[in-house]
Amino acid sequence: MQVKTWHLGDCHQSLVLASFGDTLPEAVYWGPPLPETEDLQALAAASATDVTGGMVDRNAPISLSPEASQTFPGQVGLTGRDADGRALLPRFRFESEVSSEHGLTLAYADKTLDLSLILDLSLTPDTSLLRMQTRLESAQEITVDWFAAPVLQIPAHVGDMIEFSGRWCAEFQTRRLPFAPGARMRDNRNGRSDHAHFPGLIACSGGTNNTTGEAYAFHYGWSGGHRMVAEELADGRRHVQFGHASASLKKGRSFSTAPLYATYSGTGFNGAAVRFQRHLRKHVVTGAKEPRPVHYNCWEAVYFDHDLEELKAIATRAAGLGAERFVLDDGWFGLRDDDTSSLGDWAIDKRKYPDGLTPLIDHVKALGLEFGIWFEPEMINEDSELFRTRPDWVLGSLDQVRGRQQLVLDMAREDVRSYLYDCIAAVLAENDIEYIKWDHNRVLPVVDAAQTEGVYALIDRLRADFPHVEIESCASGGGRIDFGILERTQRVWLSDSNDALERQRIQHEAALFLPAFVTGSHVGPRVSHTSGRTLNMALRAWTAAQRHLGFEMDPRELSDEEIATLKEVTSWWKANRNWMMRADILRLDASDPAVIAEQQLAQDGERFAVFAALLRTSDPILQQPLRLTGLDAHARYRVSLVNRDDAPGLSRGAPLLKEKDLVASGQYLMSHGLVLPWRFPETIWVIEGHRQ
């Protein structure tokens, strides 16, 4: 029997595929990098498993698309029906391959059914991230119910999985579960990547933490509903599948999954996280302005109550605090005085802006700020001129349950997209606008891949015609965050929560995939509008400074002390943003569970910043040493406590960093760690380090 083998590898990982007798390839090895001299044929032969009583005579392979025709006992990679409703049971056989330096395309066919399966696989050399996609072509029209991106087997010694859930104002919640016989399935039928279903998964060993252990990380780069299956077969083998949500595909002759991104790390979660962060910066996001400007968003200052003179006064205050971009949020169009009307009527409200937006934009520009504006193009209110003239443009039935008083436009329709393009393009062409906050405030009534493809098409057209305009993806906060939308946008609004304590956790977990470069984080009001919690300015400002910094409060309400603190932090962020927005975010394993800490390490390794937030009162009375990571063990670093003046009076001792800088080896900083002064809960220490 002929055996074909392929190897995608670099200094971080190796993926070895084997095809036995022209059948679909399977991953016979995925893990630490193999030597160039490895005998791939021997590895293929060594992958054969035994059979015994109670089993079929040959174990069905976990191929890149497991086949029911091979008696595969678990979730197959393709489920479909022909025009007469008969189940498709293809037997794909090798047709051709096209190889490049860092990737390959493998074509397989079932000539009896006139089906072709194409597997596109690549390993990006500078980020060590696998990008894998499956395509299906049919000579006849068929219905596809499930179609998986390339399926990879998980090694037997990797027994845990970390999945992602959440809700509004509490995105990126993680849950660590053991693999167990049967399938763990998440079928996200909300029509967007969603707060509750970030399309990611990490399989890991029991002892894996941020800095040590093995991890296999996945992300499905798709903004519509998705489906994830993590399955342990009855024989003990495990595999992971990602694809579009069930029932989101239609009849057709051509189908494609979104890209599935994956990587192996032998250095804990950080090893995988850094690859996703770098890949997003280098190969996914395009057109982002640098240096990243400090935002001001007026939403939590005025909501729908737009008054030109008040907005001018707010912009002036924001500029004085250090803002470089002013974003006019919801309420500028139609007759929009609350969330019950005018979505779809994208004309400037002449009651609020009798001379258009020009007076406000001129004022903002005179202050030296960019001007940005809010849209929610995919939505429509019943109390709108658009609905009264085109109720047939609504996605789903008109008797559906509303979400935030609104319905959804059918973005698969060319006439809907053309109307929205004309409206948005007119506003952009007639005004000096450099930024769009693109919102999406409800789940869809039906899950349909064509809806997401339509959104992509509209954004792509706008970006082609207005390349200078940045776009932020917002969906009631973090409801649409994924590599698919980030191919078209330059920023994500991580959460509607500006509560710094909640933000610390959300940012920490999101860093498993997202760099600071694209992650918006704002200094909110003294009393959080979403949690009711009152937090000090230092914690609010330093938390926002860990990502793409912005403000979202009424600056006229700040005290002199708050203004001084915010200006100080903003100046520090501006002085450091050029390297921090390109830094690797390394999550630290704090000994104290009350502490969330991270280290941002410059690309050249010459400097770092550490943020260590105490979310609640510690159980031990002494501060536990905080161990750093990713440093040169033999180098020496000068470490300083940026905000040492924040030490409270109850800190009565003399830890070194409270008084002066520490110069120590990377080995000491990573093995022993930093002893920090005692502090109250709901505070944060900020540390800088420079290689000597």
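Peer 1: Help me out: how do you make sense of the overall build of the protein in this one?
Peer 2: If you tally the helices and strands in the protein, you get 14 helices and 34 strands. For a compact globule of 692 residues, the expected C-alpha radius of gyration is about 26 Å, and the protein comes in at 27 Å, within 12% of that figure. Projected onto the principal axes, the alpha-carbon positions of the protein cover approximately 80 × 70 × 40 Å. Out of the 692 residues belonging to the protein, those deemed buried represent 61%. The long-range fraction of contacts in the protein, counting pairs at least 24 apart against all pairs at least 6 apart in sequence, stands at 69%.

Peer 1: Whenever I open this one, the nonpolar core confuses me. Can you help?
Peer 2: Generally speaking, soluble globular proteins have nonpolar side chains that are buried together. Ranked by size, the top nonpolar core spans 171 residues in total, and within it Phe218, Phe326, Leu328, Trp332 and Phe551 carry the most contacts. The element that contributes the greatest number of residues to this core is helix 7 (residues 414-430), accounting for eight residues. Those residues in contact with Phe326, other than ones at most four positions away along the chain, are Tyr296, Cys298, Leu311, Ile314, Ala315, Leu360, Val364, Leu369, Glu370, Phe371 and Gly372. Counting 27 residues, the second largest nonpolar core, distinct from the first, contains Ala594, Val595, Leu626 and Leu674.

Peer 1: Would you mind going over unusual backbone geometry with me for this structure?
Peer 2: In this chain, Glu290 is followed by Pro291 through a cis amide linkage whose omega measures -5 degrees. Among the secondary structure elements, Pro291 is positioned in the loop between helix 2 (268-284) and strand 19 (295-297). One non-glycine residue, Asp114, adopts positive backbone phi at about 55 degrees. Counting through the fold element by element, Asp114 comes out in the loop between strand 6 (103-110) and strand 7 (115-124).

Peer 1: I tried to follow the sheet that holds strand 12 (residues 182-187) on my own but got confused; where do I start?
Peer 2: Adjacent strands of a sheet form backbone hydrogen bonds with each other and so pair up, either parallel or antiparallel. Spatially, the four strands line up as an open sheet ordered 9-16-15-12, and their pairing is antiparallel. Two strands close off the open sheet at either side, each with one partner strand: strand 9 (152-154) and strand 12. Strand after strand, the sheet turns through a mean of 20 degrees between neighbouring axes, direction not considered. Bridge analysis of strand 15 (residues 226-232) against strand 16 (residues 238-244) gives seven bridges, and the strand direction is antiparallel. Bridging across to strand 16, Met228 finds its partner in Phe242.

Peer 1: What am I meant to see in helix 5 (residues 358-366) here?
Peer 2: Residues that lie three or four places apart on an α-helix share one face, since the helix turns once every 3.6 residues. Those residues of helix 5 that sit buried are Leu360, Ile361 and Val364. Down the axis, helix 5 shows its buried residues gathered within 95 degrees of arc, on one side only. The inward-facing, buried residues of helix 5 contact helix 4 (308-321), strand 20 (325-328) and strand 21 (370-375). Gly368, located one to two residues past helix 5, shows a positive phi value of around 90 degrees.

Peer 1: Help me understand the environment of Gly77 in this model?
Peer 2: If you trace the backbone, Gly77 turns up in the loop between helix 1 (40-46) and strand 4 (78-81). Accessibility expressed as a relative area gives 0% for Gly77, which makes it buried. Taking the C-alpha atoms as reference points, Gly77 and Leu64, 13 residues apart in sequence, are found 7.7 Å from one another.

Peer 1: Which parts of the structure should I look at to understand the sheet that holds strand 2 (residues 14-20)?
Peer 2: With antiparallel pairing, three strands are arranged side by side in an open sheet as 1-2-3. Looking at the sheet topology across the chains shown, the edges are occupied by strand 1 (3-9) and strand 3 (26-31). Taken over all neighbouring pairs, the strand axes of this sheet differ in orientation by 15 degrees on average, direction set aside. Alignment of strand 1 against strand 2, held across seven bridges, turns out to be antiparallel. Directly across from Val3, in strand 2, lies its bridge partner Phe20.

Peer 1: Explanation requested: the pattern of salt bridges in the structure shown.
Peer 2: Opposite charge on two side chains allows them to pair when their charged atoms are near. Counting across every chain of the model gives 51 salt bridges. Its salt-bridge partner being Arg351, residue Asp337 comes within 3.0 Å of it at the nearest N-O pair. Here the residue Asp337 occupies a position in the loop between strand 20 and helix 5, and Arg351 occupies one in the loop between strand 20 and helix 5, the gap between them amounting to 14 residues. What makes Asp337 partly exposed here is its relative accessible area of 42%. Arg413 is the partner of Asp415 in a salt bridge, and the nearest nitrogen-oxygen pair spans 2.8 Å. By relative accessible area, which is 25% here, Arg413 ends up partly exposed. When salt bridges with common partners are traced through the structure, they connect Lys289, Arg292, Arg325, Glu370 and Glu470 into a single cluster.

Peer 1: Can you help me understand the packing of aromatic side chains in this one?
Peer 2: Aromatic rings in a pair are described by how distant their centres are and how their planes are angled relative to each other. Considering all chains together, one arrives at 31 aromatic pairs under this definition. Note on Tyr216 and Tyr264: the rings are 5.0 Å apart at their centroids and 55 degrees apart in plane angle, and the pair reads as tilted. Of this pair, Tyr216 sits in strand 14 (residues 215-220) while Tyr264 sits in strand 18 (residues 260-265), and the two are 48 residues apart along the sequence. Assessed through its relative accessible area of 1%, Tyr216 is described here as buried. You can call Tyr264 buried: its relative accessible area is 3%.

Peer 1: In this structure, what is going on with the side chain of Ser63? I would like to understand it.
Peer 2: With respect to the helices and strands, Ser63 occurs in the loop between helix 1 and strand 4. Owing to a relative accessible area of 2%, Ser63 belongs among the buried residues under this scheme. What Ser63 contacts, discounting residues up to four positions off in sequence, is Leu24, Pro25, Glu26 and Val151.

Peer 1: Mind showing me how you'd approach the side chain of Gln400 here?
Peer 2: Within the secondary structure, Gln400 is located in the loop between helix 6 (385-389) and strand 23 (407-408). In this structure the side chain of Gln400 is engaged in a polar contact, spanning 2.9 Å, whose partner is the backbone oxygen of Leu395. Here Gln400 is in contact with Val394, Leu395, Leu407, Arg442 and Pro445, once residues within four sequence places are set aside.

Peer 1: Hey, could you run me through helix 12 (residues 560-580) in this one?
Peer 2: The end-to-end C-alpha distance of helix 12, which contains 21 residues, comes to 28 Å, matching closely the 30 Å that a straight helix rising 1.5 Å per residue would cover. Maximum bend of helix 12: about 40 degrees, positioned at Lys574. Burial in helix 12 covers these residues: Glu562, Leu566, Val569, Thr570, Trp572, Trp573, Asn576, Arg577, Trp579 and Met580.

Peer 1: Any chance you could explain the packing of helix 10 (residues 500-510) against helix 11 (residues 537-544) here in plain terms?
Peer 2: Each packed pair of helices is defined by two parameters, the angle between the axes and the distance between the axes. As a packed pair, helix 10 and helix 11 sit with axes 9 Å apart at the nearest point and diverge in direction by 25 degrees. The angle between helix 10 and helix 11 falls in the class roughly parallel. For helix 10 against helix 11, the interelement crossing comes out left-handed. Packed against helix 10, whose contacting residues are Ala500, Leu501, Arg503, Gln504 and Gln507, the element helix 11 presents Leu539, Arg540 and Thr543 at the interface.

Peer 1: What am I meant to see in the pairing of strand 7 here?
Peer 2: On a regular strand, one side chain projects to one face of the sheet and the next to the other, so that they alternate. With eight of ten residues buried, strand 7 is to be regarded as a mostly interior element. For strand 6 and strand 7, the ladder comprises eight bridges, and the chain directions are antiparallel. Across the sheet, Leu104 pairs through a bridge with Leu121, a residue of strand 7. Connecting strand 6 to the next strand, strand 7, in antiparallel fashion are four residues, including Asp114 with a positive phi near 55 degrees. Across ten bridges, strand 7 lies against strand 8 (residues 129-147) in antiparallel orientation. Following the sheet pairing, Leu119 is matched in strand 8 by Thr134.

Conventions and cut-offs
Residues numbered from 1 in each chain as written. Predicted model: local features only at pLDDT ≥ 70, side-chain atom pairs only at ≥ 80, totals over all residues. Heavy atoms only, no water. Helix = DSSP H or I, 4+ residues; strand = E, 2+ residues; numbered from the N terminus. Rg over C-alpha atoms; globule rule 2.2 N^0.38 Å. Buried < 20%, exposed > 50% of the residue type's maximum accessible area, 1.4 Å probe, protein only. Contact = heavy atoms within 4.5 Å. Core = buried A, V, L, I, M, F, W, Y, C linked by side-chain atoms within 4.5 Å. Pairing = 2+ DSSP bridges. Axes fitted to C-alpha atoms, helices over the stretch in contact; angles between N-to-C directions. Arc of directions from axis to C-beta. Salt bridge = Lys/Arg side-chain N within 4 Å of Asp/Glu carboxyl O. Phe/Tyr/Trp six-rings, centres within 6.5 Å; stacked < 30°, edge-to-face > 60°. Polar contact = N/O pair within 3.5 Å; in protein donor to acceptor, adjacent residues only side chain to side chain. Expected span 1.5 Å × (residues − 1). Bend = angle between axes of the 7 residues up to and from the residue. Parallel < 35°, antiparallel > 145°, perpendicular 65-115°, else oblique. Left-handed = near helix turned anticlockwise from the far one by under 90°.

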